[in-house]
Amino acid sequence: MSSDQTDKTQTETAAQEFPDAANHKRLKLEDCLSVFIMGVLALITFANVLVRYFSNQSFAWTEEISIFFLIILTMVGSSSAFVRYQHIRIEYFADHGSAAKKWWFSIASNASVLLFFVLFTVLSLKMALDDYTYGDTSPAIGVPNWWYSMWMPLLSLLITWRLAGIMQDLIKVRPT
Amino acid sequence: MIASILFSLFIVLMLIGTPVGVALGIAGTVAIVMANMDTYWYGLMAVPQNFYAGLSKYPLLAIPMFVLLGSIFDRSGVAARLVNLAVAIVGRGSGMLPMVSIMVAMFLGGISGSGPACAAAVGAVMIRSMSQAGYPRPFSASVVAAGAATDILIPPSVALIIYSILVPSASVPALFAAGMVPGILAGICLIIPTVWLARHYKMGAAEQDLPRPPFFKSLVQASWGLAAPVLILGGMRLGWFTPTEAAVVAVFYGLFVGMVVYRTIKIKDLSLIFREAAELSAVILLVVTLAGIFAWALSTLSVIDPIANAIVHSGLGEYGVLALLIVLLVILGMFLDGISIFLIFVPLLLPIANAFNWDLVWFGIILTLKVAVGQFTPPLAVNLMVSCRIANVPMESTIRWVLWLVAAMLLVLLLVVTFPGLATWLPRYLGY
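Conventions we followed
- Residues numbered from 1 in each chain as written.
- Chains lettered and ligands numbered in written order.
- Predicted model: local features only at pLDDT ≥ 70, side-chain atom pairs only at ≥ 80, totals over all residues.
- Heavy atoms only, no water.
- Contact = heavy atoms within 4.5 Å.
- Buried area = accessible area lost by both parts, 1.4 Å probe.
- Salt bridge = Lys/Arg side-chain N within 4 Å of Asp/Glu carboxyl O.
- Polar contact = N/O pair within 3.5 Å; in protein donor to acceptor, adjacent residues only side chain to side chain.
- Helix = DSSP H or I, 4+ residues; strand = E, 2+ residues; numbered from the N terminus.
- Axes fitted to C-alpha atoms, helices over the stretch in contact; angles between N-to-C directions.
- Parallel < 35°, antiparallel > 145°, perpendicular 65-115°, else oblique.
- Nonpolar A, V, L, I, M, F, W, Y, C, P; charged D, E, K, R; others polar.
- Expected span 1.5 Å × (residues − 1).
- Bend = angle between axes of the 7 residues up to and from the residue.
- Core = buried A, V, L, I, M, F, W, Y, C linked by side-chain atoms within 4.5 Å.
- Buried < 20%, exposed > 50% of the residue type's maximum accessible area, 1.4 Å probe, protein only.

## Looking at the interface of chain A and chain B
Line of reasoning, step 1. Taken together, the 58 residues of chain A in the interface contact 62 residues of chain B.
Line of reasoning, step 2. With both sides pooled, the region where chain A packs onto chain B buries about 5,500 Å², and carbon together with sulfur makes up 78% of that total.
Line of reasoning, step 3. Among the residues of chain A in contact with chain B, Met38, Ile88 and Ile90 of chain A are the three that bury the most area, contributing 13% of the side total.
Line of reasoning, step 4. Put simply, chain A and chain B have one salt bridge between them.
Line of reasoning, step 5. Salt-bridge contacts for Arg84 of chain A lead to Glu279 of chain B; the nearest nitrogen and oxygen are separated by 2.5 Å.
Line of reasoning, step 6. Counting the contacts that link chain A with chain B gives five residue pairs in polar contact (both at pLDDT 80 or more).
Line of reasoning, step 7. Elements supplying a minimum of two residues to the side of chain A that touches chain B: helix H2 (28-55), helix H3 (60-83) and helix H4 (99-134) of chain A.

Right under this line is the structure:
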């Protein structure tokens, strides 16, 4: 956002201003987890088809595990998608106009997202602590609920951390 | 009062470029706080609870599986072989390559379920060969973007899965069956102006001199790709698989075809494919779950019914309201992708649809058609963005071509509105 490059096509987005190569190293944790979870989800679901085909049984507990992985996948993938600017947004107004305007728009939107995830970290921590205190157990497997919900504040913290990093990069490139 | 703050905050956040999901989440959270100032933690515990509950739905698993399926088939080399087969069938001549692009995009629509992914797969194969054959790049980009828009109508479709999660009475198989006829109709309506434009402006003169691939060899090579939609749709129809399972079976089939048969996917590509699919799924699912917070805030404020009532009794009548909705959603479709539009607007539109006694499956197809039009209407069309990037042309240059295709697709929309049977006949015939 610092440079005043002429937009060759109208499709230039902030994404191109952050080299992806640097992100590959930076996002190793998210990327490894994403690949792993995606693979596990595919394997569990496929195993379910096979087991049902051969034994006319289906195991309900896999549903609970799959849902848990779905939540983890959403948060981990969202984290790297923030850094890579992959989230669905209206780019038109944010990426047109003077460098200063674009910079202020990015600062404002990133600050809003950052604040939201700070709050979300606190709230999901509270939810996990409540699960721990009241000792609720999960419907299908019967393990304590906090085994699942404790990952939400942790991953929300990871997202917050990444967003703070984006903010830091943005502040550095303030147009003069 | 709180409701207007909810909407204004959301609109401002969207305009400054905040991700849709987070904009929904923030607006919902602020509304929850304002409505619960005197309760425990300001009612904020609803935020993580709705986030958790929003994702704790087993049918949502279909989304990462269909996204993964799309990523695999995009790289499996199926598209290039389908192009060969299609060229072998229709032959060479002015307008034939663009026609093949649309046909292949429609066919890939029967495997993957998202427009931009399809535009990328078809664009990568077709745009270069079309410009070599003498078609202007902006024209090629327009054709690919429009063809790929049929993707969200032709089953399987991620947009229709989302609609079904929002409207449980419209089942996924019923929606998939209902999208079939309008999707194919849309493809045909796009092919006609495409071929006419190519002939009228004498494009693709060099195409006649290109070799025509041998039919049987092309058929054998493409057969692995041709079998995929049969496996997915047939397996669901015969009751072998649920939609999610059909997707995962096709994922392993696609991996087999890509890694063993065509050898276009190497082991080291796997992590990239999986990572890309995981990230894209997360992007979709984040909007799904944060839209849940927004919808929850809306429902506790009980503003939906008064708004819906006001619209229903506004004196516009059934078709007036429908026309208004079409204009509104086509405009929104230029700015936003279909999934976000569904998540934001279906909860608002459902009471209206119910008040007029509209068939909810038909209504879903109408909404999807509107979104499909928006996907390639400049200036902010997602599919056109992808195909213009591949063709390396600015989006403005496509306007003189793409508007013809937009008009063709709007005609299909009009047809499905006028003759609801186009959408409702097949699911009824199949007994869904």
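After that view, the rundown keeps rolling.
## Observations concerning the packing of helix H4 (residues 62-75) of chain B against helix H9 (residues 158-166) of chain B
Residue and element names in this part refer to chain B.
Line of reasoning, step 1. One way to put it is that H4 packs onto H9 with a least axis distance of 10 Å and a crossing angle of 175°. Judged by the inter-axis angle, H4 sits roughly antiparallel to H9. In contact with Ala62, Ile63 and Phe66 of H4, H9 contributes Val158, Ile161 and Ile162.
Line of reasoning, step 2. A per-class count over the contact of H4 with H9 returns six nonpolar, no polar and no charged.

## Description of helix H10 (residues 172-200) of chain B
Residue and element names in this part refer to chain B.
Line of reasoning, step 1. Between its first and last C-alpha atoms H10 spans 42 Å; for 29 residues at 1.5 Å apiece the expected length is 42 Å, and the two agree.
Line of reasoning, step 2. Roughly 30° is the biggest bend found in H10, and it falls at Met180, with proline Pro182 one to four residues downstream.
Line of reasoning, step 3. Positive phi appears at Lys202, one or two residues downstream of H10, with a value of about 50°.

## Thoughts on the nonpolar core
Residues and elements named next belong to chain B.
Line of reasoning, step 1. Counting 222 residues, the largest nonpolar core has Leu108, Tyr163, Trp358 and Phe376 as its most contacted members.
Line of reasoning, step 2. Tallying contributions element by element places helix H13 (residues 267-301) first for this core, with 17 residues.
Line of reasoning, step 3. Apart from the residues lying within four places of it in its own chain, the contact partners of Tyr163 are Ala170, Leu175, Phe342, Val346, Leu360, Phe363, Gly364 and Leu367.

Read these as spatial facts, not as claims about activity.
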